[in-house]
Each structure stands twice: as structure tokens, then as C-alpha cells.
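Listed below, chain by chain, are the residues.
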Amino acid sequence: MMERKRKRREPESAGDLGSKLCEKCRTIFATVENLRKVVCDEGFKHYNNIELLEQAESGCTLCSLLFDKLRPTTLDRPPTYIRLSALSKNGTAIRCTTETRYPYATLDMRFLKATWSDRSYCFDIIALNEDVKKYGFPSSPMEYYTNSDIMIKEINQRLKVCQERHYCSNISVPYLPARVIDIGSADGKRPPHLFVPPKGMRGHYIALSYCWGGDQKTKTTSKRLCMYMKRMDLDSLPRTARHALKVTRKLGFRYLWIDAFCIIQDSPQDQAKEINTMDMIYQNATLTIAASCAGGSDVGFLQRFSRKHTASLQFQLPNKLSSHVAIAERTPNWTRGPLDRRAWAFQEFHLSTRLLFYGSRGDVRWYCQSDRFLPLMEKRSPFSLDSAQRRSQKKSYYFNRPISLGSSLSISWTALVEDFSQRNLTCSEDRLPALAGIVRYLKGFLQDDYLAGTWRKNLVEHLTWSVHSGFGRQDGQKPCLTAPSWSWASVNRAVSFHGFQPGVQVEVIACSIDPVERETPFGQVREGKLTIRAAVLKPSIQDDPPYSWDDGRLNIFIDDPSQFFPFDEINSQEFELVRLTLSDVARKLPCGEIFYEFCGIVVIREEDKRYRRIGSFVHCSVGKLFQNSEGFYESRNCLSVEWEMREMVII
């Protein structure tokens, strides 16, 4: 038998909640008897798959919604019934054994789970009236604009709670940056303009984090500076900037900071000065607007949102009165937007005290140090943690203000770098400057020397990076020439770090950095010299595939294969292996021997007798380890050769 083809209906929108329902759907929550079925072990018995199709074709909104989400086949014999059951806000099943009284457990219901065979889908339950809302059912507008009065009211409420009850910031009224945009008056009598506050002036302001998406024609330059200090024509500003001005005005703020207009873009001196204060600009901002969904300055981030696929059901209350709830399709979870892949936005996120994320499909979320990534208008299923929330929790582990890293600095910094290195940069030379704000903030706590993407106290582990095979630099990008080869910042690829055990295999004798600009010590680097004493080996390996060896003993990973093609060029330059540390995967086997990994770097010798890193290696083996007279670990079967202790300079 051929499967029946369903006649498609247009999905119901938020404005069509008086939708058509079949008799069974109309009474799911309308009687005490049916409410008890929803919270019983078997659940509410709905139609079988064939009946569901017939009712969906007849125009029942909920049946159509169930069919769309469960996709039950009509070829199944005997017919299988759909079951509806209640879930709590934590996603746990709600059960009630009462047979005569009102099942008060249904008032804890927040999701309706529909199950057919091995398929299931959870729908949001949303209060449509105040009389049902007072029982704890969440409410959410079916239609809204992300800069509407109801949205602004919610934002101001979150901000007030954060300022009065949280410990996210100790600054009551912060200092204003060197320049801010005075947004002017709503009636236009006082036009928007650039404002240069007197030194020491305080005031609340909002900062914008966004994607440029190319050059901005109306950015502030030396020629436009005087004009902008008198007046900024709103119509000439990029759409994202105009949207930021609208939000700032509705929230009741006077000042807004946008990098394209508050920094003189054709002045290297002004850029260097402002980059040096970037950490304070975002830390001191009362709120940061993150235009996550906008891929460019002309795109904008304010949207109109309307829920699709909704059905209004009558709901029997304990007082014997009836109200209504909406059964709604769960809107998609937060997805990474263009801003989430932008390297410069990384420090803007981590340095900001509070953020307001504007995502796609009207998804606006609040983030502060106490309340992380909470949706403002849309109810999300808390038992299905989306990927963006998981990333947010991971980030809070290694960077949480006020910071207290202590001995966990190494773990925290390497995790931070791994995340940052996956992001995109238009100019590869900005790899270090894009982290300068975070570095400046951390340095005040750590009291340590920052060395081109590494920290002196944990330098050895910070050298054990490898290029992440799952990510590559964008087409057209050139290798980074503004960081020493031993720093992860010298490659335009995502990196990962090897775990390690105490008892390093290398002695750091000296390390020095020469920055390109003395005014920006955490930015681009002209040269970096690392002097170490370590075990060195010249391997003799032939007839191997390009870029890696894998014979059960040694794996080599080249940082940038495009610089060494064909692979024989590496052999011709007499590369060497420099052992750094013992990996943390070492473990004792039942036979008494030890499975271990040594990790290190691959270097080639330059003409001036100095060395340059070109890759990393991991040596895996099983054997016995011992400490030599100098305290370094050795293996009696480490490539069946002796390693030579030697001092070398790596640039």
C-alpha cells in the first residue's frame, strides 16, 4: 500500500490563535478527567497515526502540528497511538495518582511531550491569560519587535536587578572613554554628535560589539572629526549603528561607544592609544550590545518576531474556571552568528560586565556575571542545554570576573587561547592585538610577564601547542609575521595544547620580546628570542607520507604545510626534535611498564645559528622511565637513540 500523501496547510501564526481544533484536541486540558490522563503513567491517548493524518488534513491546528513534528508513517500496522504527557520545568515527567480530585501536579507542567513509537517532541506551554499565568505558567508574547516597549521594560528590569543585587561591578558611575557619541534628543533639537568629555568626567554609557563586514565609509577620520563633533547625520550611519542608537535612547542612556566613530581610524597614534584602553572601555560600560546576528555594519540587528505553529487550548483551572494556554513549537536554540566567530569580539565579550545579545529569530539574551545567557522573551527548555549555553559555561570556567585563577592559570589560559584561535581575523597581524585587552586585565592580577601570547611562569606548557586539524586559515590569508615562531600567535589556525605532568624536560634560560610599538607592549611583536636547554634529536626517517609520521612511535605535525611542499624540503634543512615535557596521559600498565608520551617541537636551523619552530611532535611508547643525573626523564627505548642535551636560541 502506498503511503497517503498529506495535503499541506499553511502554519498558524501567532495572530491566529483562535485556530480550528478537532474535538479531541479541544478537550485535552479542558476537563479534570483529561488533565489526570496527561499526568498518568500512560499519558493522554491521542489519535493513532492514520487518524492523526485525517484530522490534520481536515484542518485541526494541533493535529497538523503533531504530524509535522512526529512524522508518523501511515504504513505502520497495526496503528500506533500518539501519547501526550506532562513535563516539569526541569524536563522531568510529572505523575499524579489522584483519581477524584483536581490533579494539582498539572500546574507544574511547562512542556507537553508528544510520543509516537520511538519519536518524540516537546512543545512549549505558554500562558495566554493572567488567570493562568498566576499559577506559574510562563508567558511569552506571540509577536514582538526586539526594540518594543515590552522588551525595553524587561531589559531595564534585568539591569536594575543586576545593579542592585548582583556583585557584577563595584563601579557606581564609571569614567567616560576619550570619546563617546552623545545620542542627542528624540525630537531632533539636539542632534547626535561626538562628545569629548573633560578628563575625569563620569557617566553611564553603552558599548557596541559588532562585525564591521568590510570598510565603513562614514567612519571617523581626521577630516570628519570636527564635523562629527557638531553633528552626525543619522541617515548616513550604518544600519547597525542606527539600531544601537535606538536601543540606547529607549533604555534611557545618553552616551554610546562605537569603535568606528569613537576612534580616529586613519590615525595610528589614536588607534594605539585606544587599543591600550580597550579593557577599561568594555569593563566600565554599563551595558554592551552584542549584535550577534549582524554580519556587517549595514545589516542591523533589530527584528520583528512572530511565533509560527501555535494552537490555543482551553485549560481547566482548580477554581473550576477555564482559561487558555498556547501549545507552541519550540523556537530553535541559539545558533552562533557572525559576531561569535569574530576574533575582536572575543575580548569584548569577556571584558564586558553585562551584555545584551541580539540573535536571529528575535532571540535576545541577557548575560552578566550572575545570570548567564538568559533569554529575555522566549522560554527555552532548561533540560536541553544548547551549544551556546555550553560554550558560555565553559568560558566562565577560565575567565570569570572578579578573577581568581591562582594555580589554574595554565589551564585557564590555554583554554582561552584554544577558543580564541578558532575565530576569524581580517588582518592576521591583529592576532595578538585582539587579545591585548584581556592580557592587560589579567596582568594586573597575575603579576607575571606576558611574552607574545604566553606567560613566563607557565611558558613551557604554553609552548606545547599544535595546529588543530579541524580548522584552517581562510583562503588568501598569509602567515602571521608579527609573533615569534614558538608562539601560537605565529600561525593563522586554531591550536590546541597538550596536557602535561610536573617535571618538565626543558630549562628556560631566557626569553625576551621586542614589541613593534612601545606604546602597545601586548600587541604586535617585532622579534622574540627564547633560549632553552633541552634534549634534542636529529631523527633519520625516510619514505614517509607528507606532514606526519605514524609508525606507532612518533607523530609530527607541521604548523604550516604550505611553507614546506614538497615534504622533502624539511629533510633538506635538517630539522631537529626538541623535547619539552612528559604528557599527562602517562599511566602504568598491568605488565609493570609505562605507557607515556613525550611532546615537543620541531625546529630547523637558520643561517645565523638560531632556530625556528616549524611544527610539533608527540612520541608515544611503552617502556620504563627513569630520571637522569640532571633530573630529566629518560626512556631506555626512546626511538632507540640517545637524546643530546643542548642549549639553543629559538626565534
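Residues numbered from 1 in each chain as written. Predicted model: local features only at pLDDT ≥ 70, side-chain atom pairs only at ≥ 80, totals over all residues. Heavy atoms only, no water.

1. A closer look at the nonpolar core
Thinking step 1. Core analysis: the biggest nonpolar cluster contains 87 residues, and Ile 155, Trp 257, Phe 261, Phe 301, Tyr 358, Trp 413 and Trp 488 have the highest contact counts within it.
Thinking step 2. Apart from residues lying up to four places away in sequence, Trp 413 is in contact with Leu 435, Val 439, Leu 442, Tyr 450, Gly 453, Thr 454, Trp 455, His 462 and Trp 488.
Thinking step 3. Counting residues in each nonpolar core, the second largest holds 43 residues, with Leu 65, Leu 66, Leu 84 and Leu 107 among its members. (Core = buried A, V, L, I, M, F, W, Y, C linked by side-chain atoms within 4.5 Å. Buried < 20%, exposed > 50% of the residue type's maximum accessible area, 1.4 Å probe, protein only. Contact = heavy atoms within 4.5 Å.)

2. Quick look at the packing of helix 12 (residues 343–351) against helix 15 (residues 436–446)
Thinking step 1. Following both chains from N to C, one finds helix 12 and helix 15 inclined at 35°, their axes separated by 8 Å at the closest point. The segment helix 12 lies against helix 15, with Phe 346, Gln 347, His 350 and Leu 351 engaging Ala 436, Gly 437, Ile 438 and Tyr 441. (Axes fitted to C-alpha atoms, helices over the stretch in contact; angles between N-to-C directions. Helix = DSSP H or I, 4+ residues; strand = E, 2+ residues; numbered from the N terminus.)

3. Examining the sheet that holds strand 1 (residues 44–48)
Thinking step 1. One open sheet holds the six strands; their spatial order is 1-2-3-4-13-12, and the pairing between them is antiparallel. If you trace the sheet from one side to the other, it starts and ends with strand 1 and strand 12 (310–316), each paired once. Here the average twist between neighbouring strands, direction ignored, is 30°.
Thinking step 2. Looking at chain direction, strand 2 (residues 81–87) and strand 3 (residues 111–116) are connected through five bridges and run antiparallel. Looking at the pairing, Arg 83 lines up with Thr 115 of strand 3.
Thinking step 3. Across the sheet, helix 3 (residues 49–57) lies against strand 1, strand 2 and strand 3, angled at about 75° from strand 1, the strand it touches most.
Thinking step 4. Helix-sheet contacts for helix 4 (residues 61–70) involve strand 1, strand 2, strand 3, strand 4 (119–127), strand 12 and strand 13 (322–328), and the interaxial angle to strand 4 is about 140°. (Pairing = 2+ DSSP bridges.)

4. Some thoughts on the sheet that holds strand 6 (residues 180–182)
Thinking step 1. Pairing within the open sheet is mixed, and its eight strands lie in the order 7-6-9-8-10-14-15-16. In this open sheet, the two edge strands, each paired with only one partner strand, are strand 7 (193–195) and strand 16 (374–375).
Thinking step 2. The pairing of strand 6 with strand 9 (residues 255–257) spans two bridges and is antiparallel. When the bridges of strand 9 are listed, Ile 181 appears paired with Leu 256.
Thinking step 3. Lying on the sheet, helix 6 (residues 149–165) is in contact with strand 10 (287–290), strand 14 (354–358), strand 15 (364–368) and strand 16; it crosses strand 15 at an angle near 10°.
Thinking step 4. Lying on the sheet, helix 12 is in contact with strand 8 (205–209), strand 14 and strand 15; it crosses strand 14 at an angle near 135°.

5. Points about the pattern of salt bridges
Thinking step 1. Applying the stated criterion across every chain yields a total of 20 salt bridges.
Thinking step 2. For Arg 190, the salt bridge is made with Asp 182, and the minimal N-O distance between the two is 2.7 Å.
Thinking step 3. On the basis of relative accessible area, Arg 190 is assigned to the partly exposed category, the value being 31%.
Thinking step 4. Classification of Asp 182 by relative accessible area gives buried; the value is 2%.
Thinking step 5. By sharing partners, the salt bridges in this structure join Asp 182, Arg 190 and Arg 254 into a single network. (Salt bridge = Lys/Arg side-chain N within 4 Å of Asp/Glu carboxyl O.)

6. Here we look at the packing of aromatic side chains
Thinking step 1. Per the stated rule, a full pass over the model turns up 19 aromatic pairs.
Thinking step 2. Between Trp 413 and Tyr 450, the ring centres sit 6.2 Å apart and the planes meet at 80°, which makes this aromatic pair edge-to-face. Of this pair, Trp 413 sits in helix 14 (residues 409–420) while Tyr 450 sits in strand 17 (residues 450–451), placing them 37 residues apart in sequence.
Thinking step 3. When its relative accessible area of 2% is taken as the criterion, Trp 413 is described as buried.
Thinking step 4. For Tyr 450, a relative accessible area of 9% translates into the label buried.
Thinking step 5. Among the aromatic residues, those joined into a cluster by ring pairs are Trp 413, Tyr 450, Trp 455 and Phe 522. (Phe/Tyr/Trp six-rings, centres within 6.5 Å; stacked < 30°, edge-to-face > 60°.)

7. Here's the deal with the packing of helix 3 against helix 4
Thinking step 1. Look at helix 3 against helix 4: their axes get within 8 Å of each other, and the N-to-C directions meet at 125°. Taken together, the axis directions place helix 3 and helix 4 in an arrangement best described as oblique. The two elements helix 3 and helix 4 meet at a crossing, and its hand is left-handed. Counted together, Leu 52, Leu 53, Gln 55 and Ala 56 of helix 3 and Cys 63, Ser 64, Leu 66 and Phe 67 of helix 4 form the full contact between these two elements.
Thinking step 2. For the contact of helix 3 with helix 4, the class distribution of residues is six nonpolar, two polar and no charged. (Parallel < 35°, antiparallel > 145°, perpendicular 65-115°, else oblique. Left-handed = near helix turned anticlockwise from the far one by under 90°. Nonpolar A, V, L, I, M, F, W, Y, C, P; charged D, E, K, R; others polar.)

8. Comments concerning the state of the cysteines
Thinking step 1. Enumeration according to the criterion identifies zero disulfides in this entry.
Thinking step 2. Between Cys 25, a cysteine without a disulfide, and Cys 22, which holds the nearest cysteine sulfur, the sulfur-to-sulfur distance is 3.4 Å. (Disulfide = S-S within 2.5 Å.)

9. Some details on the side chain of Gln 347
Thinking step 1. Secondary-structure assignment places Gln 347 in helix 12.
Thinking step 2. Among all residues touching Gln 347, those that are not within four sequence positions of it are Met 278, Pro 433, Ala 434, Leu 435, Ala 436, Gly 437 and Ile 438.

10. A word on the environment of Phe 305
Thinking step 1. Residue placement: Phe 305 occurs in strand 11 (residues 304–306).
Thinking step 2. Residue classification places Phe 305 among the buried residues on the basis of a relative accessible area of 10%.
Thinking step 3. Counting along the chain gives 162 residues from Phe 305 to Glu 143, while the straight-line C-alpha distance between them is 5.6 Å.

11. What to know about helix 15
Thinking step 1. What helix 15 keeps buried is the set Ala 436, Gly 437, Ile 438, Val 439, Tyr 441, Leu 442 and Leu 446.
Thinking step 2. Of the residues one or two after helix 15, Gln 447 is the one with positive phi, at around 50°.

12. So, the pairing of strand 22 (residues 525–537)
Thinking step 1. Alignment of strand 21 (residues 506–515) against strand 22, held across nine bridges, turns out to be antiparallel. Counterpart to Cys 511 in the pairing with strand 22 is Leu 530.
Thinking step 2. Pairing geometry for strand 22 and strand 30 (residues 644–650), over seven bridges, is antiparallel. Across the sheet, Ala 535 pairs through a bridge with Met 645, a residue of strand 30.

13. Observations regarding the environment of His 619
Thinking step 1. Within the secondary structure, His 619 is located in strand 27 (residues 611–623).
Thinking step 2. Judged by its relative accessible area of 1%, His 619 falls in the buried class.
Thinking step 3. When the C-alpha atoms of His 619 and Arg 579 are compared, they prove to be 9.4 Å apart, with 40 residues separating the residues in sequence.

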